Amino acid sequence: MARITLQNLKHAYMANPQQEQDWALKEFDLEWDDGGAYALLGPSGCGKTTLLNIISGLLKPSNGKVLFDGEDVTALPPEQRKIAQVFQFPVVYDTMTVYDNLAFPLRNRGVDEATVDKRVREVAAMNDLTATLNNRASGLTADGKQKISLGRGLVRTDVNAILFDEPLTVIDPHLKFQLRSKLKELHHRVPNTMIYVTHDQTEALTFADKVVVMNVGEVVQVGTPEELFEEPHHTFVGHFIGSPGMNVLKCDISDGQAHLGGRKIATANKAGPASGLTEIGVRPEYVSFAAKGLEARIIKASDAGRFSIVEVECAGGRAKLLINEGEPVPSGTAHLSFDPKATRIYQDGWLAGRERRP
Amino acid sequence: MALELKNAGKKVGADTHIHPTSFMFKPGSFNVLLGTTLAGKTTLMQIMAGLEKPTSGEVWFNGRNVTGVQVQKRNVSMVYQQFINYPNMSVFDNIASPLRVARLSRYEIRRRVGEMAEMMRISAMLDRRPSELSGGQQQRTAMARALVKDSHLILLDEPLANLDFKLREELRDELPKLFAERNCVVVYATTEPSEALLLGGRTAALHQGRVVDFGPTSEIYRRPSNLTSAIVFSEPPMNRASVVCKSGRIAMNKDVSWAAPKQLSPGTYTIGIRPHHVSPVRHDKSAIAVDATVKVAELSGSESIIHFDAYGNSWVSLSHGVHPFGAGAKATLFADVSHCMYFDEAGKLIDLASGRKAA
C-alpha cells in the first residue's frame, strides 16, 4: 500500500507536441493518500486510461514524475511497481478451478503453499466464492468470473495499489449493485489504495472518497462526491455529474449580477472580470415552479418513477426540473424559481470568482 | 401494421427458451422488453424478426402469418449491442446502404443520411471509415443505418449498453422522438428499469423465458400484476418481506405492525416496497420504524443508497441527501407503508382499490 503522488504530469502520444490539443493529458499535480478510494471519471477519450497506464507503468509520461510513498517510480516497468489490476472483461483461466485462479498471482511470485492457502480462503470468503472454490471457472457467469478477477486483485498483500478499469461494464444492472457494494465493503476491510476508472458517475461517486473528473485530457475538478454535486467548478462537471445534469443557461452580466431574460437572478457567487461566455448553472434539483419569477414554457414531462423530469424553455434556452412522484406538473407556461444558494455564475465554463486550476 | 405473437414458443432440445407467448404490438407503438440477461429478450426478438423459427405457435405481421418467412423478405431493421458496420465503407456509405438498396434518389439519400447523422452526432465523421471512430461513434453509425430506412419493424437489442453514460442519457431522450412520426412497430430490449421508464411506451416484463406482465410502462411500474414483474421492474431491488394480515393489522413480526388496508382479507402476504419509500428520515406520519443493521452505505453526493438487514430480510433504502453509516451500524429506517404492494401466496398483486386479485 502506498501514497501516490503525481508531479507536473503531462503526456503526448506524438513526438513534438506544439499546441494545447496535442497533449492527451494536460499538466496537473495530484496526491492520493495511502488506503484511499479514488475514482477517475470522464467520457471516452478524456485521458483516464492514459493516466491509468502511466500509474501502472505501461506508459512513460512525456513530462513529470510518479512517486509511490515519495519514491520516484517513473522509470520502473509495471512488474516492479507492485500494482494489481482488474479489467473490464474478466481475465480468468477457464481450465483452472476457482481456487487455482485465486492462487495464481501468489504462486507466480513463489509464495509458500501454506500462505497461499490462507490468503485464497480469506479472499474467497470476502467474495462469496468459498462454496465454488473447487469448481472450474469455465462454467461461471460473467459476474461470477468478475468476482474471481476482483479476488485476484485482492489476494496479494504486497501491492502498492489496486487499479480497476471499468470493472462492472459487462455486469447486469441488478448484479452491479451487489458487486459495487461488495467492492465498497472490501475497501473497508482491506484498506488498500484503490483507483477506479469509469465513465459511469454512479459507480465513481458511490465507490470513491475522492473523484478526479477529467475532460479532453484535463483534470477539471478533484473533490468528494458531495463537493462535485453541490459546487461544480466547471459546467462540464455540472453536466457530467447528476442525472439529468446541471442546467446551463446563457446569461447577461451587469454590475457583477446575472440577468436571465431581463430579470435579475440571485446567485451564490459574483461575476469576475469580463469574459467571453457567461452562463448560469443550476441543478434540476434546485429549480422549482413558483407563483412568479422567470417565465418558462413546458415542453414535456418524462416519468422517471420516483420523480418526473420536466423540460422547459426559458430565457432562450432549455432547462430541466424534477417534480416528485404524485405532485402535479403544470402545463402551458409557468414561472420558475432557482435556489440562490445553488445557482452560480460560470465564465468561459469555469465557476466565476475562483482560481481556475483544480 | 401490427405484430402479433400467437402462442409462439421456442424449445431447444429439452430446454424451453421461450414459453408459449401471446401478445400484440400495435402499429406505431414503442415497446420495451425488460428483463435480465438470459431472460429471453434476444430470442424473442429473433422470433419476431424471422431470424429464428418458433418451435410452436405463430408470428403474424400486418394481418399475415409470417411464421417461417425469412428475415430478408420482412422489411425488418435490427440493432445489436455489439455494433456491426461495413469496415471498407465510409460512415456516409454505411448509413446510406439500405437507402441505395431501396433505390432512393441521391438527393433523398443525402437528406436522410444528413438528418440521421445530425441526430446521432456523427455529422463530422461522415467521410471516415468505421475503424477511425470510437466505439460509441461506431455504435451510432450502426444505429443510424438501421433507423434510416422505413422498416415496418425495428428491433433494438440493448443498443445503448456499450455507450458512455451521458451519451446514453441523451440518445434515450431523443430515440422515442424519432419514432413518433412513424407507423412502424419498435421493440427495444433493455436490462435497466430506469431506461424502460424513461422510454415510456408499453413494457413487457420478461423472466426466465416468460412474459410475466405487459401494458403501459408506467402502469407496469406502479401496478405490476405480480411479484415477479415487480422484481424485474425495480432497481435497486424491490424490498420484500412476508407479513400476516390479522384483526385489521399487518404484522411483519411481533414488533413491527401497521393498520391493514381495509380491503385486505386475513391471510399471509408478501409485501413489496420500493427503495425510495424507505428512508433514514421520517417523511410521513404513517411511516413505520424498522430496526436495521447496515451492510454498506453508498453515497453518491446527492443521494444515499443504504443496504441493510432488517429482521432477516435484505433491504435497500434510496434517499435524498448524504446519510453516512458505517458497516455494521445499527440504525432506524422508516418505511412508508402507504406505498406497500401486497402480493398473495401465488404472487398475484392484490388490487387495493377493489380488494380483488389483479387480472
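Residues numbered from 1 in each chain as written. Chains lettered and ligands numbered in written order. Predicted model: local features only at pLDDT ≥ 70, side-chain atom pairs only at ≥ 80, totals over all residues.

Draft legend 1. Local environment of the overall build of chain B. The number of helices and strands found in chain B is eight helices and 20 strands. Counting every position in chain B, which comprises 359 residues, the buried fraction comes to 45%. By sequence separation, contacts in chain B at least 24 residues apart represent 66% of the contacts at least 6 residues apart. (Helix = DSSP H or I, 4+ residues; strand = E, 2+ residues; numbered from the N terminus. Buried ≥ 20, exposed ≤ 12 C-beta atoms within 10 Å, placed from the backbone. Contact = placed C-beta atoms within 7 Å.)

Draft legend 2. Region of the structure containing the interface of chain B and chain A. Across the boundary between the two partners, chain B contributes 31 residues, which contact 32 residues of chain A. Taken together, the elements giving at least two residues each to the side of chain B that touches chain A come down to α5 (165–180), α6 (193–199), α7 (217–222), β16 (288–299) and β17 (303–310) of chain B. Here the side of chain B that touches chain A takes four residues from β16 of chain B, the largest share from any one element. Partitioned by chemical class, the residues of the side of chain B that touches chain A number eleven nonpolar, 13 polar and seven charged. (Nonpolar A, V, L, I, M, F, W, Y, C, P; charged D, E, K, R; others polar.)

Draft legend 3. A look at helix α4 (residues 135–148) of chain B. An ideal rise of 1.5 Å per residue puts 20 Å on 14 residues; α4 of chain B measures up with 20 Å between its terminal C-alpha atoms. Counting buried residues along α4 of chain B, 13 of its 14 residues qualify, which places the element largely inside the surrounding structure. (Expected span 1.5 Å × (residues − 1).)

Draft legend 4. The sheet that holds strand β3 (residues 30–34) of chain B, seen in detail. Residues and elements named next belong to chain B. Strand order in the open sheet made by the six strands is β6-β7-β8-β3-β9-β10, with mixed pairing throughout. In the strand order of this sheet, the two ends are held by β6 (76–79) and β10 (210–216), each with one partner. On average, each strand axis in the sheet is inclined to that of its neighbour by 15 degrees, with strand direction left out of account. Summarising the sheet, strand β7 (residues 153–157) and strand β8 (residues 185–190) pair through five bridges and their orientation is parallel. Bridge pairing in β8 places I154 opposite V186. (Pairing = 2+ DSSP bridges. Axes fitted to C-alpha atoms, helices over the stretch in contact; angles between N-to-C directions.)

Draft legend 5. Broad picture of the environment of V290 of chain B. Residues and elements named next belong to chain B. Its location among the elements puts V290 in strand β16. Exposure remark for V290: the 22 C-beta atoms within 10 Å place this residue in the buried category. It is 35 Å that separates the C-alpha atoms of V290 and V32, two residues lying 258 residues apart in sequence. Each residue touching V290, except ones within four places of it in the same chain, is listed here: V256, A310, T332, L333 and A335.

Draft legend 6. Inspection of the sheet that holds strand β11 (residues 239–246) of chain B at higher detail. Residues and elements named next belong to chain B. The five strands are arranged β13-β12-β11-β14-β20 in an open sheet whose pairing can be described as antiparallel. Two strands bound the open sheet, and with one partner strand each, they are β13 (257–259) and β20 (341–343). Strand-to-strand twist of the sheet, defined as the mean angle between neighbouring strand axes without regard to direction, takes the value 35 degrees. Judged from the three bridges that link them, strand β12 (residues 249–251) and β13 form a sheet pairing that is antiparallel. Along β13, the bridge assignment pairs R249 with A259.

Draft legend 7. Local environment of the domain arrangement of chain B. What the domain assignment reports for chain B is domain 1 (3–232) and domain 2 (239–343). Put simply, the middle of domain 1 of chain B and the middle of domain 2 of chain B, counted by C-alpha atoms, are 37 Å apart. (Domains from an automatic or database assignment.)

Draft legend 8. Focus on helix α4 (residues 142–155) of chain A. With 14 residues, α4 of chain A ought to run about 20 Å at 1.5 Å a step, and its terminal C-alpha atoms sit 20 Å apart, in line with that. Among the 14 residues of α4 of chain A, eleven are classified as buried, and the element is accordingly described as predominantly covered.

Draft legend 9. Quick look at unusual backbone geometry. The omega torsion of the bond from S243 of chain A to P244 of chain A falls at -5 degrees, within 30 degrees of zero and hence cis. Mapped onto the fold, P244 of chain A is located in the loop between α8 (235–240) and β11 (247–250). For the peptide bond that leads from E235 of chain B to P236 of chain B, omega is 0 degrees, which places it in the cis range. Within the element layout of this structure, P236 of chain B appears in the loop between α8 (227–232) and β11. Within the chain, N62 of chain B stands out as a residue other than glycine whose phi angle is a positive 55 degrees. Within the fold, N62 of chain B resides in the loop between β4 (56–61) and β5 (64–65).

Draft legend 10. Main features of the nonpolar core. Core analysis: the biggest nonpolar cluster contains 97 residues, and M48, A144, L153, L155 and V187 of chain B have the highest contact counts within it. Structurally, this core is a two-domain feature, drawing no fewer than three residues from each of domain 1 (3–232) and domain 2 (239–343) of chain B. Setting aside its immediate chain neighbours within four residues, L153 of chain B contacts L3, M48, F61, V76, C184 and V185 of chain B. Within the second largest apolar cluster, 68 residues are counted, among which are L41, L52, L150 and V220 of chain A. (Core = buried A, V, L, I, M, F, W, Y, C linked by C-beta atoms within 7 Å.)

Draft legend 11. Looking closely at the packing of helix α3 (residues 113–126) of chain A against α4 of chain A. All names here are of chain A. With their axes 10 Å apart at the nearest point, α3 and α4 run at an angle of 135 degrees to one another. Here α3 is positioned oblique relative to α4, judged by the angle of their axes. Of the two elements, α3 crosses α4, and the hand of that crossing is right-handed. Note on element contacts: α4 touches α3 through G151, L154 and V155, opposite R119, V120, V123 and A124. By residue class, the composition of the contact of α3 with α4 is five nonpolar, one polar and one charged. (Parallel < 35°, antiparallel > 145°, perpendicular 65-115°, else oblique. Left-handed = near helix turned anticlockwise from the far one by under 90°.)

Draft legend 12. Representation of the pairing of strand β19 (residues 317–324) of chain A in the model. Residues and elements named next belong to chain A. Two elements, strand β18 (residues 307–314) and β19, share eight bridges in a ladder whose sense is antiparallel. Counterpart to S308 in the pairing with β19 is I323. Connecting β18 to the next strand, β19, in antiparallel fashion are two residues, including A315 with a positive phi near 45 degrees.

Draft legend 13. How the structure looks around the packing of helix α2 (residues 91–101) of chain B against helix α3 (residues 106–119) of chain B. Residues and elements named next belong to chain B. Between α2 and α3, the least distance of the axes is 10 Å, while the angle of their chain directions is 130 degrees. Viewed along their axes, α2 and α3 adopt a mutual orientation that is oblique. Between α2 and α3 lies a crossing of right-handed hand. In this structure, α2 contributes F92, I95, A96, L99 and R100 to the contact, and α3 contributes I109, R112, V113, M116 and A117. Along the lines of polarity and charge, the residues of the contact of α2 with α3 split into eight nonpolar, no polar and two charged.

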